[in-house]
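Examining the three-dimensional arrangement
Letter by letter, the chains look like this.
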2 protein chains.
Amino acid sequence: MLAGPVEIVGTGLIGTSIALACRRAGLEVLLTDSTPDHVRTATGLGAGRPRAEDDVPQLVVVAVPPDALGGVIARALDAAGPETVVTDVGSVKAGPLAAVGGHPGLSRYVGSHPMAGTEHSGPLSASAELFDGRPWAITPGPDATPAATRVVEALALVCGAVPVHLSPVEHDRAVARTSHVPHLMASLVAGTLAGAAPDHLALSGTGVRDVTRVAGGDPELYSQIISGNASAVATLLTEIRERLDLALEAVAGGDRVGLESLLAYGQAGTRAIPGKHGAAPQPMAAVRVALPDQPGGLARLFADAGDSGVNIEDVRIDHDPGRPVGLVEIDVVADRAEELRSVLESRGWATLS
Amino acid sequence: MLAGPVEIVGTGLIGTSIALACRRAGLEVLLTDSTPDHVRTATGLGAGRPRAEDDVPQLVVVAVPPDALGGVIARALDAAGPETVVTDVGSVKAGPLAAVGGHPGLSRYVGSHPMAGTEHSGPLSASAELFDGRPWAITPGPDATPAATRVVEALALVCGAVPVHLSPVEHDRAVARTSHVPHLMASLVAGTLAGAAPDHLALSGTGVRDVTRVAGGDPELYSQIISGNASAVATLLTEIRERLDLALEAVAGGDRVGLESLLAYGQAGTRAIPGKHGAAPQPMAAVRVALPDQPGGLARLFADAGDSGVNIEDVRIDHDPGRPVGLVEIDVVADRAEELRSVLESRGWATLS
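Quantities reported herein were computed from a predicted structural model and do not represent experimental measurements.

The next subject is the overall build of chain A. Helix and strand content of chain A: 13 helices and eleven strands. Every one of the 353 residues in chain A was classed for burial, and the buried ones make up 59%. Of the contacts made within chain A by residues no fewer than 6 positions apart, 69% connect residues no fewer than 24 positions apart. In the structure as shown, chain A presents an accessible area of about 13,200 Å², 55% of it carried by carbon and sulfur atoms. Computed over 26 positive and 41 negative side-chain charges, the inter-centroid distance for chain A is 3 Å.

Turning to the pattern of salt bridges, a few remarks are in order. Inspection of the entire model under this criterion finds 36 salt bridges over all chains. A salt bridge links D210 of chain A to R213 of chain A, with the shortest nitrogen-to-oxygen separation between them at 3.1 Å. With a relative accessible area of 6%, D210 of chain A lands in the buried category. Residue D88 of chain B pairs with K93 of chain B through a salt bridge whose shortest N-O separation is 2.7 Å. When sorted by exposure, D88 of chain B lands in the same class as K93 of chain B, which is buried. Several salt bridges converge on common partners, so that one network encompasses D210 and R213 of chain A together with D210 and R213 of chain B.

What follows is about unusual backbone geometry. That bond from G4 of chain A to P5 of chain A is cis: its omega, -5 degrees, falls within 30 degrees of zero. Inspection of the secondary structure assignment puts P5 of chain A in the segment before β1 (6–9).

Right, let's talk about the interface of chain B and chain A for a bit. How big an interface is tends to be stated in terms of the accessible area lost upon association of its parts. Contact residues are listed per partner, giving 126 residues for chain B and 125 residues for chain A. Summed over both sides, the interface of chain B with chain A buries roughly 11,500 Å², with 66% coming from carbon and sulfur. At the junction of chain B with chain A, the criterion picks out six salt bridges. Put simply, D67 of chain A and R256 of chain B hold a salt bridge, and the shortest N to O gap is 2.9 Å. At the surface where chain B touches chain A, the tally comes to 20 residue pairs in polar contact (both at pLDDT 80 or more).

Mapping chain B onto chain A calls for a screw motion: a turn of 179 degrees about the axis and a shift of 0.0 Å along it, with 0.2 Å RMSD after fitting. Put plainly, the chains are arranged around a two-fold axis. Closest to the rotation axis within chain B is the C-alpha of V211 of chain B, separated from it by 2.0 Å. Most of the interface of chain B is mirrored in chain A, where 99% of its interface residues again form contacts.

Here the focus is the packing of helix α10 (residues 230–252) of chain A against helix α6 (residues 168–191) of chain B. One way to put it is that α10 of chain A packs onto α6 of chain B with a least axis distance of 10 Å and a crossing angle of 135 degrees. One way to sum up the angle between α10 of chain A and α6 of chain B is to call them oblique. By crossing handedness, the relation of α10 of chain A to α6 of chain B is classed as right-handed. Residues I240, R243, L244, A247 and V251 of chain A of α10 of chain A touch α6 of chain B, and the partners they reach there are L184, M185, L188, V189 and G191 of chain B. Tallied by class, residues from the contact of α10 of chain A with α6 of chain B come to eight nonpolar, one polar and one charged.

Glancing now at the packing of α10 of chain A against helix α10 (residues 230–252) of chain B. Taken N-terminus to C-terminus, the directions of α10 of chain A and α10 of chain B make an angle of 165 degrees; their axes are 10 Å apart at the nearest point. Judged by the inter-axis angle, α10 of chain A sits roughly antiparallel to α10 of chain B. For the element pair α10 of chain A and α10 of chain B, the recorded crossing hand is left-handed. When the residues that make up the contact of α10 of chain A with α10 of chain B are grouped by side-chain class, the tally is 20 nonpolar, two polar and four charged.

Our focus in this paragraph is the packing of aromatic side chains. According to the stated counting rule, one finds three aromatic pairs over all chains in the structure shown. Consider the rings of F131 of chain A and W136 of chain A, whose centres lie 5.2 Å apart with planes at 50 degrees: the pair is tilted. Under the relative-accessibility criterion, W136 of chain A is labelled buried at 0%. Here the aromatic rings of F302 of chain A and F302 of chain B are separated by 4.8 Å at their centres, their planes lie at 20 degrees, and the arrangement is stacked. Here F302 of chain A, found in helix α12 (residues 297–307), pairs with F302 of chain B, found in helix α12 (residues 297–307), and the two come from separate chains. The class of F302 of chain A is buried, set by a relative accessible area of 2%.

What follows deals with the domain arrangement of chain A. What the domain assignment reports for chain A is domain 1 (6–167), domain 2 (172–272) and domain 3 (284–352). In this structure, domain 2 of chain A and domain 3 of chain A have C-alpha centres spaced 30 Å apart.

Next up on the list: the sheet that holds strand β7 (residues 135–140) of chain B. Residues and elements named next belong to chain B. Spatially, β6-β7-β8 is the arrangement adopted by the three strands of the open sheet, whose pairing is mixed. Of all the strands in the sheet, the pair left with one neighbour each is β6 (110–114) and β8 (162–165). Across the sheet, the mean angle from the axis of one strand to that of its neighbour is 25 degrees, orientation sign disregarded. Bridging between β7 and β8 involves four bridges; their strand directions are parallel. When the sheet's bridge partners are listed, I138 is paired in β8 with H165. Seen against the sheet, helix α5 (residues 146–158) touches β6, β7 and β8 and runs at an angle of roughly 170 degrees to β7.

All names here are of chain A. Ordered in space as β3-β2-β1-β4-β5, the five strands form an open sheet in which the pairing is parallel. On the outer flanks of this sheet lie β3 (49–50) and β5 (85–88), each paired with one strand and no other. Across two bridges, the pairing between strand β2 (residues 29–32) and β3 is parallel. Paired with L31 across the strands is P50, a residue of β3. Each of β4 (59–62) and β5 is contacted by helix α5 (residues 146–158), which is oriented at about 50 degrees to β5, the strand it contacts most.

Judged by nonpolar contacts, the single largest core of 50 residues is most densely connected at L184, M185 and L237 of chain A together with L184, M185 and L237 of chain B. Leaving out residues up to four positions away in the same chain, L184 of chain A has contacts with I226, V233 and L237 of chain A together with A247, V251, L259, L262 and L263 of chain B.

Residue and element names in this part refer to chain B. Taking 1.5 Å as the rise per residue, α5 with 13 residues should run 18 Å; its terminal C-alpha atoms sit 18 Å apart, in good agreement. For α5, the full list of buried residues reads A148, T149, V151, V152, A154, L155 and A156. Once α5 finishes, G160 follows within two positions and takes phi at roughly 80 degrees, a positive value.

When pLDDT is averaged along chain A, the result is 89; 93% of the residues meet or exceed 70. Across the interface, the model reports ipTM at 0.78; the global pTM reads 0.78.

A few words now on the pairing of β1 of chain A. All names here are of chain A. Neither face of β1 is exposed, since V6 and I8 on one face and E7 and V9 on the opposite face are all buried. Strand direction decides the pairing type here: β1 and β4, joined by four bridges, are parallel. Across the sheet, the residue bridging to V9 is V62, located in β4. Summarising the sheet, β1 and β2 pair through four bridges and their orientation is parallel. From the neighbouring strand, V9 faces β2, where its bridge partner is T32.

Here is what the cut-offs are and how they apply
Residues numbered from 1 in each chain as written. Chains lettered and ligands numbered in written order. Predicted model: local features only at pLDDT ≥ 70, side-chain atom pairs only at ≥ 80, totals over all residues. Heavy atoms only, no water. Helix = DSSP H or I, 4+ residues; strand = E, 2+ residues; numbered from the N terminus. Buried < 20%, exposed > 50% of the residue type's maximum accessible area, 1.4 Å probe, protein only. Contact = heavy atoms within 4.5 Å. Areas by Shrake-Rupley, 256 points an atom, 1.4 Å probe, with all protein chains shown as cover. Lys, Arg positive; Asp, Glu negative; His and termini not counted. Charge placed at Lys NZ, Arg CZ, Asp CG, Glu CD. Salt bridge = Lys/Arg side-chain N within 4 Å of Asp/Glu carboxyl O. Buried area = accessible area lost by both parts, 1.4 Å probe. Polar contact = N/O pair within 3.5 Å; in protein donor to acceptor, adjacent residues only side chain to side chain. Least-squares fit on C-alpha atoms with pLDDT ≥ 70 in both. Axes fitted to C-alpha atoms, helices over the stretch in contact; angles between N-to-C directions. Parallel < 35°, antiparallel > 145°, perpendicular 65-115°, else oblique. Left-handed = near helix turned anticlockwise from the far one by under 90°. Nonpolar A, V, L, I, M, F, W, Y, C, P; charged D, E, K, R; others polar. Phe/Tyr/Trp six-rings, centres within 6.5 Å; stacked < 30°, edge-to-face > 60°. Domains from an automatic or database assignment. Pairing = 2+ DSSP bridges. Core = buried A, V, L, I, M, F, W, Y, C linked by side-chain atoms within 4.5 Å. Expected span 1.5 Å × (residues − 1). pLDDT = per-residue confidence, 0-100.

What follows is the structure, encoded as structure tokens:
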């Protein structure tokens, strides 16, 4: 299905990672970037070779910043061969599709969106494994051919990702809900911490750290992304504002029952997020272990935990001020928590609960 | 300062943990609970002995559910000796203080609040280490004597905690900001996930998991706590609603600059949260490592990471659907990330960035 060559336009983190994954699969990769230095760097990393005039790619992957997408997709449709498929990997899909509406080559464009990335950028942070097991949304518009869609899906599979088929509009609604609005809300909460009194902030625990973590991301990039999904984000934000009004009423009005049912609805929501390997989420339990500040402690802890045979689902290390002893929280499926706890205690670890 | 005996009223998770910490320090501990079985269990755990009629504690620690606090504090002030100090460990401080206003023994009451706990409850989940390095707010009212305050501070120190002195009203404002409002906002976001389409939820990543994690807590308990801090919570929620309105305007109105400055303010807020051991927060960087699904993998990873000499600040394990290979994210101080990455790569680990 995907035989190559694959041209990458925009050799940043995502573009170069896709290039490396394609090279890992033995495909020929051509590199293009408005900054020649980036092409040289990506080439040096083994991501491919600079595109030559007479190259005819099977697939062009447009991986440029959100603002440039529409124009670069159109140019790729112009410049490529009559069979060349074009995709982009931007975080929102309806806008770029609309920007190339009416283009004679429209049937060869299938937008997509790999759900991966870090706060780093640039080719030096790239990796062929970036997409392993991640969802990769495939979002053909109404004019795209099935053959073009299959080529883009094949790219996702070559990169080790899990294709998720959605229309562009459905995709944008989905990421408003699973990414953009959570980011904005985290930012609003974090904004209340800036400038707060230090002795107030001293009472911070893991909860507020978790809620606000994602708000540490680059404001310029996220304002581009969120603005590009304004309609879906505004719709969902309006819904949240209504619930916030209900919460405020319940709190200010002493409506304990109303407040509890709102919190119960939120608790149900946390159980809706998919679990490991796409299985239905299982009830988890945390085993908390005191970790003395000595070298090799974590390795010994995981060696002992490994001996228990209980699968470790997640780990958190707690760093509240003044703690001479670290606290490691190991999440496991609930009905195996006691088993893990016993094994650790029998090896001399102090567990909390 | 704290010589004992210490009486614990309410041998649940917090009360029994305090009891165990006091026993760890060699203090005599007396146990009281409205449920005799809980006293027996706590006694069996080595947390102390049942209080007898003629006992005269130096300090009484009231650790009952929020709704019962006022009454039990008053009864403790009545029943104890003329010098006995009384504290409670509830999550909000102004309400209980007001509930005992006018009591002749008021000068012997100093509220406090250890910032610790888990989603578990009951004496069997208790541990003497629960408070190690955690903040413990000390919140004397205007009538409390300095001597009584020092006794309660000594309790926090015996439990290994870090005392933070605040007035009851300041405490309640602080935890509204660092705990109650973040919890409510996480709940509002999580509520938008309940009932969402599975193919939309398939696009969930670590961001939304972090933002909504705390919303998994018990709705009944948190509705008690938040209702008990209604005034401070409502004030802060109103402020957030105003910012939400500004965010909605910026998004719906295409005001990219306004949106970016809101996100920048949130980013600044994430840097306000205290770092390890109370030091100023340091810039962190994440080293992401592919973890094949084999036994002993985590132990080997941490053994190799330990050999690098780079201190591990936090760990996250990523479980997106379909991932056959786990992704471990190791947070270290930013200027040592490359060092850790090189060591891991030299040991054969595949790192992402």
